[in-house]
Amino acid sequence: MANFFPRHTLELRIVEPKAFRRISFSLAEMAIVTGILVRVYRVFVLTHGPTNWLFIGLTVAVGAVFLLGMVTAHLANYPLSQYLWRAPLFAAAEVAAEMATSLLLIALGREANGTVRAHWDDWIGLGLNALLIRGGLIMLWAALLAGAVQIARRTVGEEEEGKGVELTEGR
């Protein structure tokens, strides 16, 4: 059992969350880091990889796992009632960070648009594509995650309710 009232102040230990856990509480920080890393990963994959279907499928899967993992890490800190506004805001901030990174990459001549380099006039299309794909994926994942959390809470709640009845009847 934890000692909540120590005898000496030297016994008092403050437990702070690890660095990633602290960042995961901030919607802006998580979305910005996610957007930058997703865009850099996308450019790296499009410019440095083979063009066979297996490679493309694996890299898309790795990118999706990273994106959805970051969304999950953020949303897991909050109750279901906040998912409704946090998920769309996360998607918007992630796409905004991704497109800001895209502007920098276009200025450096490194942004890929398929098999060619992107130009300034490609930026709006890249942004709409990112919004539809990544934003839609984030929203769909948040809805699935909320459903899974709700089902788990109901299932665990029913089991705990049943245990409580058994204990009171056995006395």
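Residues numbered from 1 in each chain as written. Predicted model: local features only at pLDDT ≥ 70, side-chain atom pairs only at ≥ 80, totals over all residues. Heavy atoms only, no water.

1. Thoughts on the overall build of the chain
Operational definition: The secondary structure listing takes helices from DSSP runs of H or I that are at least 4 residues long and strands from runs of E that are at least 2 residues long, numbered from the N terminus. Accessible areas in this description were obtained via Shrake-Rupley with a 1.4 Å probe; residue shielding takes into account the shown protein chains only.
Secondary structure assignment for the chain yields five helices and two strands. In the chain, the succession of α and β elements from N to C terminus is α-α-α-α-β-β-α. When the accessible surface of the chain is totalled, it reaches about 11900 Å², and 69% of it is carbon and sulfur.

2. So, the packing of helix 2 (residues 27–48) against helix 4 (residues 80–108)
Heads up, the condition is: For helices, the fitted axis covers only the stretch in contact; all axes are lines through C-alpha atoms, and the angles between them, taken along N-to-C directions, range from 0 to 180 degrees. Here roughly perpendicular refers to angles of 65 to 115 degrees, roughly parallel to angles under 35, roughly antiparallel to angles over 145, and oblique to all remaining angles. Here a crossing is called left-handed whenever its near helix is offset anticlockwise from the far helix by less than a right angle, and right-handed whenever the offset is clockwise. Working rule for contacts: check all heavy atoms of both residues, and any pair within 4.5 Å makes them a contact. Classification used: nonpolar for Ala, Val, Leu, Ile, Met, Phe, Trp, Tyr, Cys and Pro, charged for Asp, Glu, Lys and Arg, polar for all others including Gly.
Interaxial distance between helix 2 and helix 4 falls to 7 Å at its minimum, and their mutual angle equals 45°. As judged from the angle between their axes, helix 2 and helix 4 are oblique. As helix 2 runs across helix 4, the sense of the crossing is right-handed. On the side of helix 2, the interface is formed by L27, M30, A31, I32, T34, G35, I36, V38, R39, V40 and V43, while helix 4 contributes R86, L89, F90, A93, E94, A97, E98, M99, T101, S102 and L105. Each residue belonging to the contact of helix 2 with helix 4 can be placed in one class, and the counts come to 14 nonpolar, four polar and four charged.

3. Quick word on the nonpolar core
In plain terms, the rule: What is meant by a nonpolar core is a set of buried Ala, Val, Leu, Ile, Met, Phe, Trp, Tyr and Cys residues, joined one to another through side-chain atoms within 4.5 Å. The rule is simple: take the accessible area with a 1.4 Å probe, protein chains only, and divide by the maximum for that residue type; under 20% is buried, over 50% is exposed, in between is partly exposed.
Counting residues in each nonpolar core, the largest one holds 17 residues, and the members touching the most others are M30, V71, L75, Y83, F90 and I138. Those residues in contact with V71 that sit more than four places away from it in its chain are F90, I138 and W141. V95, M99, I106 and A130 belong to the second-largest nonpolar core, a separate cluster that totals six residues.

4. Quick look at helix 2
Our working definition: An expected span of 1.5 Å times one less than the residue number is assigned to each helix.
Along its 22 residues, helix 2 runs 31 Å from first to last C-alpha, staying within 8% of the 32 Å computed at 1.5 Å per residue. Of the positions making up helix 2, those classed as buried are L27, M30, A31, T34, G35, V38, R39, R42, V43 and V45.

5. Brief notes about the pattern of salt bridges
Our working rule: By convention in these notes, a salt bridge is any Lys or Arg side-chain nitrogen within 4 Å of a carboxyl oxygen on Asp or Glu.
The full count for this structure, using the stated rule, is four salt bridges. Residue R42 is joined to E111 by a salt bridge in which the shortest nitrogen-to-oxygen separation is 3.1 Å. Taken together, the residues span a long stretch of sequence, with R42 in helix 2 and E111 in the loop between helix 4 and strand 1 (112–113) at a distance of 69 residues. As far as burial versus exposure is concerned, R42 and E111 are alike and both buried. Connected through shared salt-bridge partners, R39, R42, E98, E111 and R134 make up one network.

6. With respect to helix 3 (residues 53–75)
Since the α-helix packs 3.6 residues into each turn, any two residues three or four apart lie on the same face. For helix 3, with 23 residues, the first-to-last C-alpha span of 32 Å sits near the 33 Å given by 1.5 Å per residue. Every buried residue of helix 3 is listed here: T59, G63, L67, L68, M70, V71, A73, H74 and L75.

7. So, the environment of I23
By the secondary structure assignment, I23 is in helix 1 (residues 19–24). Judged by relative accessible area, which is 33%, I23 ranks as partly exposed. Once the C-alpha coordinates of I23 and H74 are considered, the two residues, 51 residues apart in sequence, prove to be 8.5 Å apart. Leave out the neighbours within four places in its chain, and I23 touches E29 and M30.

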